[in-house]
Every structure is written in C-alpha cells, then in structure tokens.
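# Per-entry structural report
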Amino acid sequence: MDSCGGRKIAVMGGGSWATALAKILLYNCSEIIWYMRRDDRIEEFKRLGHNPAYLSDVEFPIDRIRFYSDINEACRQADTLLMAMPSPYFKDHLAKLDTDISGKTVVVATKGIIPDENELISDYLEMKWNVKADNVIVVSGPCHAEEVALGRLSYLTVACQDIENARRFADLLNGKKMKTLLSTDVRGIEYAGVLKNVYAIASGMVHGFKGGDNYQAILISNSIREMARFIGAVVPGQRCISDSVYLGDLLVTSYSRFSRNHNFGTMIGRGISVKRAMMEMEMVAEGYYGTKCMHEINEKYRVRMPILDSVYDTLYCKCPIARTIERMSNEFE
C-alpha cells in the first residue's frame, strides 16, 4: 500500500475524532490503516459501513480501509501513525506496543496530557519511544468531530519543528471543507489544547449555575490571559494567542453544544456530583484529567492561574460551586 502522498497512514483509535480524521484522510488517500481495540467493533463497522459507536451517520468505503485490532501489526504496516486516542487511555494503548516506532512520523491529534506522568504527549513520545522531535506533528484547532463529519468548513493547525514535515501532512488534510494552517509551536499548542478543556469546564460550571452571558464573557477573556501567561512562562517564544489554535479552540470548546467538557461542567454547575457526571458522560471529558495534571505541573512553575485552581478545587476538593464562582470573580481583571 502506497496511497497517501507516498505514506502508509494508520489511524489509531476508534472514537469520534479518530473517525472524523479518517473520513478527511480518505478524501485524499486511496487507502488507510485503522487500529481499533475491539474486534467486535471492527466486524460491526465492516457490516454496517460506518462506525457503530461514534458519528454513525458517516458512511465509509470499507474496501479502502485495512482494520487491525492488534496495535503492533497496525504500527508495523504504517510509516505514519495518527494518534487519536483519548489522553487518559493513551499510555494504556501504547503499553501493548513492542514495535519500534522511533523511525516513524507520529501525528498527535489527542488534546490532552498523560495522566500520572504529567507529560505532554509529544514529550512522552520523544522520551519513552525515542521518536525524533522533527517527526512529531501536532494537529489541533477549533474543530469538533461532529461538525467535521457534517462537512462544515473547518480549520486545523498542523505543527512540527520541521515545518516542511508539517506542510506535507497538512496537504493530506486539505480540501473544500478543511483548511490547514502551519506552525512550529508544538508544545505551546499542546498546552493550549489541555488548558482550553479546563476552561471549558469552568464555562460549563457558570452555565449550569446560571451565571449569565456577561459573566461568561469575562471568564473567557480571563481564560485566554491565563493561558497566555502559562504558555509564555513554560514555552517561551513568539506566538499570537488570538490565533485560531489558541483562542479559537478555547471559544468553540467553551460555548459549543458539542463540547463534552462544557457539558460536563454544566452538570457540575447544576449541583451534580463529579462521580455521577462522569458516569453520565457518553464520552471522555479530558479536561477532568487535564485539570489535575495542569494543577500539579503548575506547582513547579507557580504561574498565577486562579481559574485552573478554582476548577481543581471544585472537581478534586469538593469546593461548593457558589464559592468557586465567587473566587474566580475576585480574581478577574
């Protein structure tokens, strides 16, 4: 198989974002590899012609997909790995991997951080799996899988230290309904992808508590300032925080009905317990895990992050939502 601009691409993961990205790739690729953990899910996918669990309205040309439930076989067959597993399960998936991926291009489409390790996924790939920094690509931006699947015009940012490597992969995503932007701010974009989920939970909490649109506006404007403070301190460099991959992604995650983190926060704001809200979520709210990871990371850097701290206290220390709202209010600029 040599079907994606000279690449053999494997989509890793069976969730909604993996499904949306697979659909995009198949516009420009004659064939892809697709790793899903469960054999029964693969068989049902082949029978129905669509993912039975996520974005089930999206039809796929099954004859152009080579499915594998063995992560090692999928990785052996591909030279480019598009990682789209939820961050809480990323480490568990790779724990089954005994194939050498150090010479492969690894594309990180997961917006999260490795729990327990408190490491960005790019750092984890470089340190644990010896993937070269120039071969790690991050794909991010204000794109909900549901709208991508519906064919609505969307923009993604493709980032890599090697800008030409980013450009080559971006060419495989470009189309009438998907536009791409390029960047070299790999770690800054990854941190933004983690933090915007935290702030989306805060936004949902305010919504559930009926804090109002005026309060939402000041919350989001302070959230982007907080994001800029942290990223600027931890990943110094030139960036425009109003670019779509930072501010745009924050906005769509904080306001959209498709945002699982916003919906999770809304349940918390209505007084539902964290445990019950987690049980009622059909998909993973990565911001729940990201909040703890970022709080622990910031113990080292000591950046002023009152919104992050407030969300952490609510989710992990059972701080009453009314007190959380008041605490954030007193810190806003």
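Described below are features of the structure shown in this document. (Residues numbered from 1 in each chain as written. Predicted model: local features only at pLDDT ≥ 70, side-chain atom pairs only at ≥ 80, totals over all residues. Heavy atoms only, no water.)

## Looking at unusual backbone geometry
Phi at Asp116 takes a positive value of approximately 75°, unusual for a residue other than glycine. Take Asp116: it is sitting in the loop between β6 (113-114) and β7 (119-120). Non-glycine residue Arg302 carries a positive phi angle of around 60°. Summarising the element assignment, Arg302 is placed in the loop between α13 (286-301) and α14 (306-317). Owing to a relative accessible area of 68%, Arg302 belongs among the exposed residues under this scheme. (Helix = DSSP H or I, 4+ residues; strand = E, 2+ residues; numbered from the N terminus. Buried < 20%, exposed > 50% of the residue type's maximum accessible area, 1.4 Å probe, protein only.)

## With respect to the nonpolar core
A general feature of soluble globular proteins is that nonpolar side chains tend to end up buried together. With 75 residues, the main nonpolar core has Phe230 and Phe264 as its most contacted residues. At twelve residues, the largest contribution of residues to this core is made by helix α8 (residues 186-208). The residues touching Phe230, leaving out its near neighbours within four places in the chain, are Tyr191, Leu195, Met294, Ile297, Asn298, Tyr301, Val303 and Met305. Listed in part, the 40 residues of the second largest apolar core include Val11, Phe67, Cys160 and Leu173. (Core = buried A, V, L, I, M, F, W, Y, C linked by side-chain atoms within 4.5 Å. Contact = heavy atoms within 4.5 Å.)

## Considerations on the layout of surface pockets
Reported here for the largest pocket is a volume of approximately 820 Å³. In terms of lining residues, the largest pocket is bounded by 37 residues, among which Gly15, Ser16, Ala84, Pro86 and Arg260 are the most central. Looking at the lining of the largest pocket, the elements that each hand over two or more residues are α1 (16-28), α4 (87-94), α6 (145-149), α8, α10 (244-255) and α11 (260-269). (1 Å grid on protein atoms, 1.4 Å probe; cavity = no way out; pocket = protein on both sides within 12 Å on 5 of 7 lines; lining within 4 Å. Points joined across faces, edges and corners; volume = space filled by probe spheres on them.)

## Quick word on helix α5 (residues 121-129)
Each α-helix turn comprises 3.6 residues. Residues three or four places apart therefore point the same way. Of all the positions in α5, only Ile121, Ser122, Asp123, Tyr124, Leu125 and Trp129 are classed as buried. On its buried side, α5 packs onto α4, β5 (105-108), β6, β7, β8 (136-140) and α8. Note on α5: the residue one or two positions beyond its end, Asn130, has a positive phi of about 60°.

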